[in-house]
Structure formats: C-alpha cells, structure tokens
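Given next are the chains, with one letter for each unit.
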Amino acid sequence: MLLSVFTKQLPVIGALITSASCHGFVQFIVANGKNYTGWDPGFRFQNPPPSIPGWTADNPDIGFVSPESFANPDIICHKAATPGQAYVDVTAGSTLTLQWFTWPDSHKGPIIDYLADCGTAGCAEAKKESLKFVKIAQASWKSGNDWASDDLIRNQFKWQVKIPATLKSGHYVLRHEIIALHGASNVDGAQAYPQCINLHVTGAGSKSISGGVPATKFYKENDPGILFNIYGEITSYPVPGPSSIWTGS
Ligand SMILES: *[C@@H]1O[C@H](CO)[C@@H](O)[C@H](O)[C@H]1NC(C)=O
Ligand SMILES: [Cu+2]
C-alpha cells in the first residue's frame, strides 16, 4: 500500500520515521459517501505528485510544526505546503470524516478545525498567506488525562467535522489540526500537526465566512494552551487560537 511504496523507495527515511516514533497524517477523507486521498508524505517521491484534495507538505518524518514557527507560513498547512489540486465535494450541513494514519497515545491534545474561503479563483492556486481562517470546531481536554486525541484513537483514527449548514457554496480550505502536548510544559515543546484539504461546498447556504485571520496569527509560543503541562492535575484547558467559533448562524 501507500506506506510500503514509501519504505520500499526510501529505507533511510523509513528509519527516520521509526526513530521519530511515527506521528500521523490524514490519509483519507470521506464525504458524501466518497473516499478521497489526503497527502501521504510518501507522495513526495511521485513526479508529478497525484492530483488530490490534500495539500502537499514537506514532512518526510511525518513530523510537526514547532511553536518557533507559529508565525511562519509553515504553520498554515504544514511545512512548505502547496495547494491540493482537487476537491472534496461536500454538502453544507453534512459531516465529513478525516481518517488519520495512526496516532500515538502519548500525543495528547486538542483537535481543531478551521475553514478559509478561497474565493472565485478556487483553492488550487491559493496563496496560503492570504487565506483567512475561522475556527469551526474544537475539542480538547475532557477529564483526567482524557483528551480529544484519545477519542480519535478510540474511533480508529477517524475524526468527524460538520460543515456549517448555512455556509454558502464555493471553494474552501479545511485546516484540520492536532496539537500534541506531551512535551508542552517546555517552551517550544508543543507540536502542531496541521493538514489542509480543499473542499467544494455545495448547498443552499448563503453565509460567507467573516472575521477570519491568517493562520500565522493563531498561536504564540507562550499561549496558555501551547505552553501547558498535561501531567499535573488538570482542571481546565484554554484551547489556543481564535476564541470564537464560526457557526454560520
Ligand atoms: C477509504 O479508502 C481506504 C483505501 O481503500 C480504506 O482503507 C479506508 O478504510 C476507507 N475509509 C472509509 C472511512 O471508508
Ligand atoms: Cu510525534
């Protein structure tokens, strides 16, 4: 399968993955009953890369973006990302499923979803620095040491995102992200795993996204939800990023 292609072609990188203990990426996206391919880090060895809705990223170690880079374009859609050339067709108001290729137990943290409107030009040529994102969903600490990431693992690495029913039809980038906090009690110890996917939203909605911000403005190294100790007794967790959720109402 995809991963075997990956290890067959580059055993050195395969070893690197093992030493980095293999974090994860969104391998499939299911919407309106169709199953689409996300960006697999192994696709970097295909020339040309496949035409898929998932944005490309330079992440051969299946790694993360560090808080040192939170003001850098790498935080937008992962390292050196370029736009996906296809779209996931999804009806406003429906729920799509993002299927991660594995996720480690240790990597506890929030799972956050954002949307940006690509405008009439569509997303395939989008300039990521110009995308203005709103948060559409967030899940984080639940109780004890149980986090949204544990829900993902319990659900066979599938995560569901509902597209707001009133969202007007058009082309959007879904920015789906897990922030792993296992090392986050140290400055620059948090790990962001953003994944971008192009959506073609259809339906009768009429609401445009408003109040979005560039992803380079989401987080800072010292935000209370970025510099956070998950090993003490937790009573609350301040989810990082924009404080409001865009619901389309
Ligand atoms: C999507 O397709 C892949 C590859 O065929 C499969 O492994 C995966 O289970 C499918 N996902 C869903 C939710 O149907
Ligand atoms: Cu990891």
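So, here is what we can say about the structure in this document. (Residues numbered from 1 in each chain as written. Chains lettered and ligands numbered in written order. Predicted model: local features only at pLDDT ≥ 70, side-chain atom pairs only at ≥ 80, totals over all residues. Heavy atoms only, no water.)

Some points on the side chain of Gln 191
Turning to its location among the elements, Gln 191 is positioned in strand β11 (residues 191-202). Classification of Gln 191 as buried rests on a relative accessible area of 10%. Reaching out from Gln 191, the side chain makes a polar contact with the side chain of Tyr 193 at a distance of 2.6 Å. Among residues more than four places away in sequence, those in contact with Gln 191 are His 23, Phe 64, Val 65, His 107, Ile 178, Ile 179, Ala 180 and His 182. (Helix = DSSP H or I, 4+ residues; strand = E, 2+ residues; numbered from the N terminus. Buried < 20%, exposed > 50% of the residue type's maximum accessible area, 1.4 Å probe, protein only. Polar contact = N/O pair within 3.5 Å; in protein donor to acceptor, adjacent residues only side chain to side chain. Contact = heavy atoms within 4.5 Å.)

Some points on the coordination of the copper ion (ligand 2)
The coordination sphere of the copper ion (ligand 2) contains the protein donors His 23 (ND1) and His 107 (NE2), at a distance range of 1.4 to 1.9 Å. Linking His 23 in the loop between α2 (11-19) and β1 (26-31) with His 107 in the loop between β4 (95-100) and β5 (111-117), this pair joins segments that are 84 residues apart in sequence. Neither residue differs from the other here; His 23 and His 107 are each classed as buried. (Donors = N, O, S within 2.8 Å, 3.2 Å for Na, K, Ca; no water.)

Points about the site of ligand 1
Around ligand 1, the neighbouring residues are Phe 28, Val 30, Asn 35, Gln 99 and Lys 158. Residue Asn 35 places a side-chain N or O atom 2.2 Å away from an oxygen atom belonging to ligand 1. Compared with its free state, where it exposes 360 Å², ligand 1 has 48% of that area covered by protein. Grouping the constituent residues of the shell around ligand 1 by class yields two nonpolar, two polar and one charged. (Near = heavy atom within 4 Å. Areas by Shrake-Rupley, 256 points an atom, 1.4 Å probe, with all protein chains shown as cover. Nonpolar A, V, L, I, M, F, W, Y, C, P; charged D, E, K, R; others polar.)

What to know about the pattern of salt bridges
Throughout the structure, instances matching the rule amount to eight salt bridges. A salt bridge links Lys 142 to Asp 151, with the nearest nitrogen and oxygen atoms 2.7 Å apart. Its salt-bridge partner being Asp 146, residue Arg 154 comes within 3.0 Å of it at the nearest N-O pair. Given a relative accessible area of 48%, Arg 154 falls into the partly exposed group. Beyond isolated ion pairs, a larger network of salt bridges with shared partners links Lys 142, Asp 146, Asp 151 and Arg 154. (Salt bridge = Lys/Arg side-chain N within 4 Å of Asp/Glu carboxyl O.)

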